[in-house]
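Descriptive structure summary
Listed below, chain by chain, are the residues.
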Amino acid sequence: KTIQRDQADFVRLTGASPIEGVRRPAESDARTQRQAHQVPREEYVFAVRKCRELAPGIDHDDLSAQVASAFGWSRRGHEIAAAIDAAIAIVERDDSSG
C-alpha cells in the first residue's frame with residue numbers, strides 16, 4: 001500500500017477499504033462540523049448512493065437536500081451544492097455505465 005495526496009489535498013492509502021459511512025457532526029460540538037471542502041468526494045458519493053437506496057426515484061433537489069442533511073447541513077450554499085451535484089453526477093454516470 002502506498003500513500004498519495006490527491007488534487008483536493010486529501011491523503012489516500014491505495015488499496016484501502018472503501019468508505020462505508022458518513023461522519024455527521026455532534027450537535028453540541030462545533031469542532032466536529034465540517035465545511036464542504038473538508039469532505040472527501042468518496043464520502044459524498046457514499047451519501048448519494050445511500051440516500052438513493054433509501055428513497056428510490058427521489059428527484060435531484062430532494063436528493064441534494066437529503067445528502068446535505070446527512071452531513072448536518074441545513075443550507076446548501078454554492079460550495080455544498082456544487083460538491084453534492086458532482087457526487088450525484090458520478091453516481092448517475094456509474095449507474096448508466098453498468
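Summary of the structure given here. (Residues numbered from 1 in each chain as written. Predicted model: local features only at pLDDT ≥ 70, side-chain atom pairs only at ≥ 80, totals over all residues. Heavy atoms only, no water.)

Relative to each other, helix 1 (residues 41-54) and helix 3 (residues 78-96) sit at 65°, their axes nearing to 9 Å. When the axes of helix 1 and helix 3 are compared, the pair comes out roughly perpendicular. The two elements helix 1 and helix 3 cross, and the hand of that crossing is right-handed. Across the interface between the two elements, Arg41, Tyr44, Val45, Val48, Arg49 and Arg52 from helix 1 touch Ala83, Ile84, Ala87, Ile88, Ile90, Val91, Glu92, Asp94 and Asp95 from helix 3. Broken down by class, the residue content of the contact of helix 1 with helix 3 amounts to nine nonpolar, no polar and six charged. (Axes fitted to C-alpha atoms, helices over the stretch in contact; angles between N-to-C directions. Helix = DSSP H or I, 4+ residues; strand = E, 2+ residues; numbered from the N terminus. Parallel < 35°, antiparallel > 145°, perpendicular 65-115°, else oblique. Left-handed = near helix turned anticlockwise from the far one by under 90°. Contact = heavy atoms within 4.5 Å. Nonpolar A, V, L, I, M, F, W, Y, C, P; charged D, E, K, R; others polar.)

Any two side chains of opposite charge can pair, given that their charged atoms come close. Counted under the stated rule, the structure contains nine salt bridges. As a salt-bridge pair, Arg31 and Asp29 come within 3.0 Å of each other at their nearest N and O atoms. Between Arg41 and Glu42 there is a salt bridge, and its shortest N-O distance comes to 3.5 Å. Taking relative accessible area as the criterion, Glu42 reaches 27% and is therefore assigned partly exposed. (Salt bridge = Lys/Arg side-chain N within 4 Å of Asp/Glu carboxyl O. Buried < 20%, exposed > 50% of the residue type's maximum accessible area, 1.4 Å probe, protein only.)

Spatial relationships are all this shows, so hold off on functional conclusions.
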